[in-house]
Amino acid sequence: MTAHQLILKQRAELLAVLCGGGSAEPLDCVLDLLLACEVLVWEDYLSIRVVEKPLLSNVRQLLDVVYDKGEDACSLLLAAMNQVLPEEQKAGLCFGKECAVLGKNRPDTATLTLLADRPVLVRKLRDNIDGALNALLTTGCFTIKDCDAVQLPVYTPSQQVRRLLDQVRFKGETAAKTLLQYLEQTETTRPNPEDKENHLSANCLLYQKKLRSSVAAQSHSLSTYGGTGRFSLDDIYTDGLLEVMDGSGETLTLGLEDVVGPLGTLNEDADTVLVSGEAGSGKSTLLQRLHLLWAREALLTNTFLLFPFSCRKLNSEHRELSLKELLFLHCCWPDRGQDEVFQFILDHPNLALFTFDGLDEFKQGFTDEERHCCPTKQVPIPILLFNLLQGTLMKGVMKVATSRPQAVGSSLKHYLRKEVLLKGFSPGGIDCYVKKHHSDPAMARRVIESLQANTVLLSLCHIPVFCWIVTKCHQELLGGQDVIPQTITDVYLLVLQHFFQRKSPQPQGVLGKAWLEEHLDTVLKLGQLALEGLEASCYVFSGYELQRNGLTEQDVSLGFLIYCNDLSVTDCKRYEFLHITLQCFFAALYVVLNRNSDRSAVSRLFQAQYRQLSGLSQRCLGHCIDSSVEEVESHVTETPNLQITAQFVSGLLSQRHHNLLLECCPIAVRERKVKQVVKSLSKGMQRHFKSIPRPVEGEKKSMHAMPSFVWLIKCIYEMQDNSIARDTMAKLDVEHLKLTYCNIGPVECTALAYVLKYLRNPVGLQLDNNSVGDVGAEQLLPCLHICHSLYLRNNNISDEGIRKLLENGMKCESFQKIALFNNNLTDACTQHFALLLKSKQNFLSLRLGNNNITSQGAEQLAEGLSYNQSLQFLGLWGNKIGDRGAEALAAALKNSTTLIWLSLVDNGVGSAGACALAKLISQSKTLEQLWLNKNCISREGVECLIEALKINSSVKEVWLRGNNLSPEEEEELSKQESRLTF
Ligand code: ADP
């Protein structure tokens, strides 16, 4: 049979194999070969490879064009396909008699050389695009715009090279010569393979270069800005808040460079650093920044090779792999000396760094049951990954993994060098981000002002992904919406609207009131894909899966789905949602809007996770509860996502969005779903309330909230229905509510206040060790009236946050205690405390330890104290009030008839201060304990105290450890007064 006939007869099969898997790579490779051997001329190529047209029509056009060119052209096409297609796809196809696809004569211009060598150049330049672009840029052949157009992240590396070659051809002979010269230079600078001495390191160096350039290409821009080409990571990256807890429980703030550094190390034997943070807090972006800076040799300069992995992508690796295959197939393939490069890694583990993004998205939960330490043996991916994290395999290689906190159980914690918490943007970070996003300062100012006017929105912006949406949708925001965004559902509806608007054919892209209904079909298709994905822990989708859900190229072009950025060798296109939270949002839209879903879909969504959470919740409270609790760690990946989905479902079913949903969902169905949500939330809360232990006699009835409590509160908040909040809280009867170490940030504070304000009786609200901050403190105001005590130790609160809190606290009758140990308070806040003390004559306890209060602040406090007749506890441990401050406080407290406990530990108080405090002792009838450890009091000061104690019977203890006294003096003085403790 002639080649002509073969093409005609096998047309359907040839079409299928060239389009199989949805990747254009096979077609492009065939085109490269046909251009090289001059079967196709440039005009043919342009008529065939039309990016805007579907792949199938490109392939059809190729077959038609070649068919028309006659028998020789057809046999070369078959030969090219034979060369390009993998064996398994060739089965059953006939390619005719063998012939080589070779270029003809050596071309005489640089432009034609590029065409003749195209197949080789694509391979050679794939790992060196940056270098080539640099050469073209510095010689003026290319502009930055040209470079950006080549490097759009939607293209695979091979496609980027082809775009580069096409652009060079378009620019003309000089550009082509420059590129050829560059290639010649890189060839000559390659090491001489004969040189044995140099051989190993030269191969490693080459590999490092290749790895650096592919890591740089992959991390150059942010996926959320993908395709727009507007921002590089450099333009938009804003530092997030990074914290680590050291061995003594102190929180340290870290810089990016400290993530891998020694600061905060808890376990020297472990090599895995965990960066944990909520969805959208910026974990992937932080890793991306680390990668980029390494690739540019600007950070991690001691790391010779960095291997970045994405756990969501590892999910789709079903083969058993050896470590070597994992590194080379999933990150970067060494062109030369694979064994040497691998041996180098084995011999120098301290020079390598592996990063694993999104451990929480890895299908299987961490276990350390199966040990594996052989780098060349093939094993399933989970075993490989878990043994790397544990250090059983490749001990000494530093690993950085990211995860949401919920997915990290104690068995993994055991193998962690340290856990770094990523807490999103600081208030300054939000401003900085908005300014970076809007190059027009006036616009940036308007956005910042609008955020400041809506503090709920501002609190959301602490989470970078929300900040991105709010900034992106500034026009909709500033333009005035019917519904002022208050909840995350509002914010995600905004982004949905924004994306549809972008593609709207209407003038100025204005969307009608029924915009959701108009796009219902697309929303449902994306929603189904999203939900099915979440249920199966699947976050990456093939072209086939999209097709199966009926998603068209037009749907994809809306921008909710993006191409995966991938370093692995496959060139097949895969897609993911812009962000995991967007996948959850679409899943929620599907649950709410799908008319065919079974009746219990909503309840199942809430109950499924509640079942899981009963085991999971204990894990999240690692700090607070008995770590011996046996834990089940598998199948937890979906939980945080289903939680976010449920939160969106609650929000979508809120009365606020009734009108939007009106035409999309029959009222009766909506009502039924609302009822199901309310019932599920109420049941969930009941479960919590039932778990409250009976109070021990003499102690307060206290509830230690599980993290799912916060989630339920957030769902109630999304519904924005006061009666639901009121009804739920009516059943909670506790005196103390403990929410320590629960990742409470400003967003959670908004929800907490919204719900807790309906408590029947005042509670003590303990929020120690969270990230409340000033914005969060302000969000708490609506529930301040129901708090008799507020514990906010270690929460990054500064004077401004306190000002707002106290201004309101002053008016709340029940508010009697506040603890602010370890925040960022200075003398600027003490005037507000003074005012509070003056005006509130039932205030009992003020604890301000470990802040930055000096003598000036103490003097201001004293001013308020002198008018107060209720305060019982005053704690100023770890400030700098000195003698002057102690004197002022002592004078003000002399007439107090209520003070029981005073701590001035570690405040630089000397004997003068002690003598002033002695006067307080001699007059006080109520003071029981005075804490003066770690000061600089000498004998003279202690003698004053002893004199005063002689006429005081209420004081039980005066603590004086760590002052300016010799052991002999301490012994002698304690004999004089037994109530002194040295
Ligand atoms: P996570 O991995 O914690 O879910 P991502 O890193 O994916 O969060 O962040 C989501 C989006 O938020 C990013 O795509 C980006 O738009 C924005 N973002 C996150 N961190 C930063 C940052 N440090 N600087 C600028 N934008 C950021």
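Residues numbered from 1 in each chain as written. Predicted model: local features only at pLDDT ≥ 70, side-chain atom pairs only at ≥ 80, totals over all residues. Heavy atoms only, no water.

A. Here's a closer look at the UniProt feature "domain: NACHT" (unreviewed entry) in the protein. The UniProt record marks residues 271-407 with the feature "domain: NACHT" (unreviewed entry), using the residue numbering of this structure. Counted over residues 271-407, helix gives 33% and strand 17%. Its end C-alpha atoms are 19 Å apart. (UniProt positions renumbered as here; feature names shortened; annotations may be inferred. Helix = DSSP H or I, 4+ residues; strand = E, 2+ residues; numbered from the N terminus.)

B. Looking closely at the site of the ligand. Near the ligand you find 20 residues, and of these Thr224, Thr238, Gly280, Ser284 and Thr285 are the closest. At a separation of 3.2 Å, an oxygen atom of the ligand approaches a polar backbone atom of Ser281. The separation between an oxygen atom of the ligand and a polar side-chain atom of His579 is 2.8 Å. Contact with the protein chains covers 94% of the free accessible surface of the ligand, which is 550 Å². At the level of secondary structure, the elements contributing two or more residues to the shell around the ligand comprise helix H16 (283-295) and helix H25 (464-472). Residue composition of the shell around the ligand, by class: ten nonpolar, eight polar and two charged. Each of domain 2 (202-425) and domain 3 (427-485) gives at least three residues to the shell around the ligand. (Near = heavy atom within 4 Å. Polar contact = N/O pair within 3.5 Å; in protein donor to acceptor, adjacent residues only side chain to side chain. Areas by Shrake-Rupley, 256 points an atom, 1.4 Å probe, with all protein chains shown as cover. Nonpolar A, V, L, I, M, F, W, Y, C, P; charged D, E, K, R; others polar. Domains from an automatic or database assignment.)

C. How the structure looks around the state of the cysteines. By the definition in use, this model includes one disulfide. Covalently, Cys915 is tied to Cys944 through a disulfide, its sulfur atoms 2.5 Å apart. Linking Cys915 and Cys944, the disulfide has an S-S dihedral of approximately 75° and is accordingly described as right-handed. Placement of the pair is Cys915 in helix H45 (residues 911-923) and Cys944 in helix H46 (residues 939-950), with a sequence separation of 29 residues. A residue is classified by how much of its surface remains accessible, and Cys915, at 19% relative accessible area, is buried. Look at Cys944 and you get partly exposed, because its relative accessible area is 26%. Left unpaired, Cys787 is separated from the closest cysteine sulfur, that of Cys783, by 4.3 Å. Residue class for Cys787 comes out buried when judged on its relative accessible area of 2%. (Disulfide = S-S within 2.5 Å. Buried < 20%, exposed > 50% of the residue type's maximum accessible area, 1.4 Å probe, protein only.)

D. Here's a closer look at helix H20 (residues 381-390). By the criterion of burial, H20 is predominantly enclosed, with ten of the ten residues buried. Among all positions of H20, only Ile381, Pro382, Ile383, Leu384, Leu385, Phe386, Asn387, Leu388, Leu389 and Gln390 are buried. Buried residues along H20 sit against strand E3 (272-276), helix H17 (311-314), helix H18 (323-330), strand E5 (352-357) and strand E6 (398-403). Immediately beyond the C-terminal end of H20, within one or two residues, lies Gly391, with a positive phi of roughly 90°. (Contact = heavy atoms within 4.5 Å.)

E. Molecular detail of the side chain of Asn868. For Asn868, the location among the structural elements is in the loop between helix H43 (855-865) and strand E17 (873-875). Within polar-contact distance, the side chain of Asn868 engages the backbone oxygen of Lys840 at 3.4 Å. A distance of 2.8 Å separates a polar side-chain atom of Asn868 from the backbone nitrogen of Leu871.

F. Representation of the sheet that holds strand E21 (residues 980-981) within the structure. Within the open sheet, the eleven strands sit side by side as E11-E12-E13-E14-E15-E16-E17-E18-E19-E20-E21. Their pairing is parallel. Each edge of the open sheet carries a strand with a single partner, namely strand E11 (702-704) and E21. One ladder, built from two bridges, connects strand E20 (residues 957-959) with E21; its direction is parallel. By the bridge assignment, Trp959 is partnered in E21 with Thr981. (Pairing = 2+ DSSP bridges.)

G. Spatial organisation of the sheet that holds strand E2 (residues 251-254). The mixed open sheet is built from seven strands, whose spatial order is E2-E1-E7-E3-E6-E5-E4. The open sheet has two edge strands, E2 and strand E4 (305-310), and neither has a second partner. Across this sheet, the average inter-strand angle for adjacent strands is 25°, counted without regard to direction. One ladder, built from five bridges, connects E3 with strand E7 (residues 416-422); its direction is parallel. Residue pairing across strands places Leu274 opposite Glu419, the latter belonging to E7. Across the sheet, H16 lies against strand E1 (242-245), E3, E4, E5, E6 and E7, angled at about 155° from E5, the strand it touches most. Each of E3, E5 and E6 is contacted by H20, which is oriented at about 125° to E5, the strand it contacts most. (Axes fitted to C-alpha atoms, helices over the stretch in contact; angles between N-to-C directions.)

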